[in-house]
Amino acid sequence: MSKATTLHAKFGSIELLLDVPSTSLGISKRKWHSAFLTIYCSRAFLSLRPSSQPKATKATFISRTVPYYIVSIGSVSSPAIHGFKADQKSLTDLVKEKNLNHLLELGGVEELASALKTDAQHGINGDDAEGIARRHEAFGSNTYKKPPTQGFLHFVWEAFKDLTILILLGCAALSLGFGIKEHGLKEGWIDGGSICLAVILVISVSAISNYRQSRQFDKLSKVSNNLQIEAVRNGRRQLISIFEIVVGDIICLKIGDQVPADGLLLEGHSLSVDESSMTGESDHVEVSVHENPFLFSGTKIADGYGRMLVTSVGMNTNWGAMMSQISQDTSEKTPLQARLDKLTSSIGKVGLAVAFFVLVVMLVRYFTGNTEDENGNKEYNGSKTKSDDIINAVIGIVAAAVTIVVVAIPEGLPLAVTLTLAYSMKRMMVDNAMVRKLSACETMGSATTICTDKTGTLTMNQMKVTKFWLGKESMEEGAYTSISPDVVDLIQEAVALNTTGSVYRPSLESEVEISGSPTEKAILSWAVHESKMDMEKVVKSCSILHVEAFNSKKKQSGVLVERNTDSSIHVHWKGAAEMILAMCKSYYTASGIVKNMDENEKRKFEQIIQGMAASSLRCIAFAHKQVPAEEHLNKDQKFVLMEDGLTLLGVVGLKDPCRPGVKKAVEECQYAGVNVKMITGDNVFTAKAIATECGILRTGQDMFGAVIEGVEFRNYTPEERLEKVDKICVMARSSPFDKLLMVQCLKQKGHVVAVTGDGTNDAPALKEADIGLSMGIQGTEVAKESSDIVIMDDNFASVATVLMWGRCVYNNIQKFIQFQLTVNVAALVINFVAAVSAGQVPLTAVQLLWVNLIMDTLGALALATEKPTKELMEKPPVGRTAPLITNIMWRNLLPQALYQITVLLILQFKGKAIFGVSDKVKDTLIFNTFVLCQIFNEFNARKLEKKNVFKGIHTNKLFMGIIAVTIVLQVLMVEVLKKFADTERLNWGQWGLCIGIAIISWPIGWLVKCMPVPERPIFSYLKMKKNTPYEH
């Protein structure tokens, strides 16, 4: 920087200080201000004087004065806020307005860090709880104000808004009014009050279920938002919760990370950021220390890596303000819910028609004098009948008709779906799968193909260097002392300078702590322990000029460095062995001699790499070249890394063992009719070895067409791809684009595709797939946001568990539909026949509401919470267009409904004569038998195909508990709440009769399961074939 420029900068700063209004300062403060200006100006001019120690002078005179600028000038009289020489508003405005000039006036990012009491290298003191508390107090916490969540009363109000409930409450109110008027308060409230109580019970249960589900979604949302961020505290890289970040923290960023707060770049290489979430612009923004160091919360790192200083958190960021306005939508309809809504609507229309017909028939019978009261007298005698009696009778008829609609409309179906999805989401969290999108729960049950990554999913992601080739010689452990010191220095340079990992040793006696990706950690660990590398010493010996960051497309990373000892410039490359090999023209031997590499020599190296890969090793090569000073810049004076004429330093082989249990999980998926395909960036030989070890490839399998490289698949014509995609089991050296291409091909062929991914570039494939599965440990935030389910332990066995849960959700819904339709059909037919023939319904409004409660809520809770069983994996996947109500379900439910209708109609018309009981006892027998039939049929619904419905029942305590509660409540309804339920007490013999009739549903259920059913859906026979060609 020239003296003129420096002077200009100084005067600009002085101008800022002189601009303080004198009126705002007292006499003592003005004196202080004047003294400060005098000292500052003298130091500013002294800093321009030539010195024998320019570097020291610069550090002493210029940088130490700069923090004074950070003080909010308008409040010079006030002390520094909580000990920090910065205020929140200045920091927020600085980043928000991208004010680079102001940042330079403040002395740059490092001076800002010292004003925030942050060491730019070692970060803040993470053990100082008081210091962190002060930062919270001064600058706020990294949390957002959430819109208030809906309270319990909101769900009560939503349940109240149901039209049938409102009509029933209207009827209850009228019945209550007329009842009290006619019979007095003591007796008159019973009919209307009973309906009111029953309706309130139904509303309460519905509201409680929905409220609990809403709370569960909120909890899951908190878990999914609690990202783990890599921060530097006490000189050590450590993972902390995004909510624990404070102003002054140093955060490490890499490809795919979400920027967790607003801040400034301290140091970085090839860093580009996707700001589309903030600006809507899809173009990536280059971020650099000198030209654009500003980073915004909520944006994503698209390329490169770096470290940032946090300047604003939580509500002081644009992202925080935006997120506080957004509430999570839990009303998203899944495909299954949409299908069930249609089914509910269809059944509801039938119920409405039946109810309307019953209403008309009962009104006609009443007004034509065909109905009698309890004493055998005509209820309607023209003008002789009191208007109150007519209104009471009409209210009773309307209430009965409306109750039929309540029973007919299966509002329990949406509740059952909600319950089973909420339950499965909760259980899947225990099984290491976090559901981000509800629809994925059920779609996973239909998956026909799973495309999986290798590293970390099929393997343990615990890399270890087990082989090292230097030249054409394999170096055994302990033989590193025989390697030329110059070659060792180059290898250490290649490892220490071209890495995103770090090595930290708290003290000389302590163990070394290594952080970074599993590959980086393995290579750093090897260099530290085998070649005795001192990472800090190597890093300080060179200055990094430029970095080409690693990404999954290039599969290599490079670094341009200048040695501090002789100012010579060197380039180091590291990456996929065969790609680095292609860039080399020579190689080092262990003695340090550089030998030329002709085509013959190159083939020998290729064989070495293939041999290592065939042993399931991932091969990483290092290459080096000293660059002439004039060749490291291009025409635009930008740094460029040479990519040819390199010298091969060596090749390391990293072993990543297969996860225990992965072979069993793959076999389970294959047994369940789901194809497992492995898509990896590793070379063909490594991929083939791992795939065979995991069971994706079988020994002796024809490999032609089963194992291909990404470039080969990419170069097929669209027709060839569609033809060959089914046979492919392994795709090696694939790019994220190849993965996307495969997903598109499989979907075109009608497959339901699940895809695993962890990188930023996997996002398109995760979005395109029917079910995107991202990895919780290795996965980037971009990948997680694009996915439907996050596999928390990165394990393929968890993917197989998710598949089983998906099938379980679908199966549980089908069980409940079968159970509910049986009740619907039976209740509708009984009430319809009785109303048409006898002019009255055997089941009262209160009794039907009780049946509705058993059926809709308790039934849903009992059947929707069945755990997955291995039997689910014995069947092929359910197709996209398979009917919801299968032939098997029709076979199970129709005989049960027919049995119940027959028995109850016999009781209705002949029960009085057969058992010699009164009408009231007969109606109680019908009600009791009907409810008990549903309880016993609930057991039948547990298994759609298996004859033994009791298998595993002891493991489902909730099911047994609900059955017990239902029985106890039914006994109370009949024996205790006589007036409320309009029942009579039954003796032991009558109870035995009801149980005997109901228990017959078990043998019926066993017998009907012996009947074979056609595979073609019943209703497909009713559909007329369109566009049938005519024969001439």
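This structure is a prediction, so every number in the text was calculated from the model and none was measured.

Helix and strand content of the chain: 35 helices and 26 strands. Buried positions account for 51% of the 1032 residues belonging to the chain. Summarising the internal contacts of the chain: among those between residues at least 6 apart in sequence, 72% fall at separations of at least 24. Surface exposure of the chain reaches about 48,000 Å², of which carbon and sulfur atoms provide 58%.

Once that is clear, we can look at the packing of aromatic side chains. In this description, a pair of aromatic rings is defined by centroid distance and the angle of the planes. By the definition in use, this model includes 13 aromatic pairs. An angle of 65° between the planes, with centres 6.2 Å apart, marks the rings of Y423 and W805 as edge-to-face. Pair noted here: Y423 is in helix α14 (residues 412-430) and W805 is in helix α28 (residues 796-838), with a separation of 382 residues, a long-range link. Just as Y423 is buried, W805 falls in that class too. Cluster of aromatic residues (ring-pair linked, three or more members): F936, F939, F950, F959 and W1002. Cation over ring: R942 sits above F959, and NZ or CZ is 5.6 Å from the ring centre.

Extensive coverage of strand β1 (residues 228-233) is indicated by the burial of 5 of its 6 residues. Pairing analysis gives 6 bridges linking β1 to strand β2 (residues 236-241), with the strands arranged antiparallel. Directly across from V232, in β2, lies its bridge partner R237. Where β1 hands over to β2, the hairpin turn is made up of 2 residues, of which N234 adopts a positive phi near 60°. Where β1 and strand β3 (residues 250-254) come together, 2 bridges link them in antiparallel fashion. Residue pairing across strands places A231 opposite I251, the latter belonging to β3.

Right, let's talk about helix α7 (residues 129-139) for a bit. The complete set of buried residues in α7 reads G131, I132, R135, A138 and F139. Looking down the long axis of α7, one finds its buried residues gathered within 125° of arc, a one-sided arrangement. Residues of α7 that are exposed and point more than 90 degrees away from the buried face comprise A129, E130 and E137. If you follow the buried residues of α7, they end up packed against α4 (88-96) and β1. Positive backbone phi, at 90°, marks G140, one or two positions downstream of α7.

In this section: a positive patch on the surface. Residues R212, K219, K222, K426, R427, K867 and K957 make up a contiguous surface patch of positive charge. Mapped onto the positive patch, the elements with two or more residues apiece are α9 (163-225) and α14. By residue number, the principal contributor to the positive patch is α9, which donates 3 residues. Position of K222 relative to the elements: it lies in helix α9.

Turning our eyes to something else, we now look at the pattern of salt bridges. For the coordinates displayed, the defined rule picks out 29 salt bridges. R237 is the partner of E230 in a salt bridge, and the nearest nitrogen-oxygen pair spans 3.7 Å. Assessed through its relative accessible area of 25%, R237 is described here as partly exposed. When the shortest N-O distance is used, the salt bridge between K437 and D788 registers 3.6 Å. A residue pair is termed long-range when its members are at least 10 positions apart, and K437 in the loop between β8 (433-435) and α15 (439-443) and D788 in the loop between α27 (781-786) and β26 (789-791) qualify at 351 residues.

Here we come to unusual backbone geometry. Of note, the phi angle at N234 is positive, near 60°, even though the residue is not glycine. With respect to the element layout, N234 can be found in the loop between β1 and β2. A positive phi angle is found at K532, which is not glycine, with a value near 55°. Position of K532 relative to the elements: it lies in the loop between α17 (518-530) and α18 (535-541).

Glancing now at the nonpolar core. Core analysis: the largest hydrophobic core is formed by 154 residues, its most contacted members being I789, F796 and I817. Looking at this core element by element, the count peaks at 21 residues for α28. I817 has contacts with L340, L343, L413, L884, I885 and M889, leaving out every residue within four places of it along the chain. Counting 42 residues, the second largest nonpolar core, distinct from the first, contains V232, I242, F296 and L309.

Before going further, it helps to examine a nonpolar patch on the surface. Nonpolar side chains collect at one region of the surface, where V965, V968, L969, L972, V976 and L977 lie side by side and expose about 460 Å² of accessible area between them. Topologically, L977 is positioned in the loop between α32 (957-975) and α33 (978-981).

What follows is about the packing of α28 against helix α30 (residues 887-915). Their axes nearest at 9 Å, the elements α28 and α30 cross at an angle of 30°. Classified by the angle their axes make, α28 and α30 are roughly parallel. Handedness of the α28/α30 crossing: right-handed. Here the residues of the contact of α28 with α30 sort into 16 nonpolar, 8 polar and no charged.

This brings us to the environment of K910. One can find K910 in helix α30. Considering only alpha carbons, one finds K910 and K922, 12 residues apart in sequence, at a separation of 9.4 Å.

As a further point, take the sheet that holds strand β25 (residues 771-775). Ordered by their spatial adjacency, 8 strands build an open sheet running β8-β26-β25-β24-β9-β21-β23-β22, and the pairing between neighbours is mixed. The open sheet has two free edges, formed respectively by β8 and β22 (707-709), since each of these has just one partner strand. Averaged over all pairs of adjacent strands, the angle between strand axes in this sheet comes to 20°, irrespective of strand direction. Examined bridge by bridge, strand β9 (residues 449-452) and strand β24 (residues 753-757) share 3 bridges and lie parallel to one another. If you follow C451 over to β24, its bridge partner there is V755.

Before going further, it helps to spend a moment on the environment of L91. Along the chain, L91 falls in helix α4. It is 6.0 Å that separates the C-alpha atoms of L91 and T311, two residues lying 220 residues apart in sequence. If near-sequence neighbours (up to four positions away) are discounted, L91 is found in contact with A86, L112, L116, F139, V247, T311 and S312.

Conventions we followed
Residues numbered from 1 in each chain as written. Predicted model: local features only at pLDDT ≥ 70, side-chain atom pairs only at ≥ 80, totals over all residues. Heavy atoms only, no water. Helix = DSSP H or I, 4+ residues; strand = E, 2+ residues; numbered from the N terminus. Buried < 20%, exposed > 50% of the residue type's maximum accessible area, 1.4 Å probe, protein only. Contact = heavy atoms within 4.5 Å. Areas by Shrake-Rupley, 256 points an atom, 1.4 Å probe, with all protein chains shown as cover. Phe/Tyr/Trp six-rings, centres within 6.5 Å; stacked < 30°, edge-to-face > 60°. Lys NZ or Arg CZ within 6 Å of the ring centre and 35° of its normal. Pairing = 2+ DSSP bridges. Arc of directions from axis to C-beta. Patch = residues over 30% accessible without salt bridge, like charges linked within 9 Å, V, L, I, M, F, W, Y side chains within 5 Å. Salt bridge = Lys/Arg side-chain N within 4 Å of Asp/Glu carboxyl O. Lys, Arg positive; Asp, Glu negative; His and termini not counted. Charge placed at Lys NZ, Arg CZ, Asp CG, Glu CD. Core = buried A, V, L, I, M, F, W, Y, C linked by side-chain atoms within 4.5 Å. Axes fitted to C-alpha atoms, helices over the stretch in contact; angles between N-to-C directions. Parallel < 35°, antiparallel > 145°, perpendicular 65-115°, else oblique. Left-handed = near helix turned anticlockwise from the far one by under 90°. Nonpolar A, V, L, I, M, F, W, Y, C, P; charged D, E, K, R; others polar.

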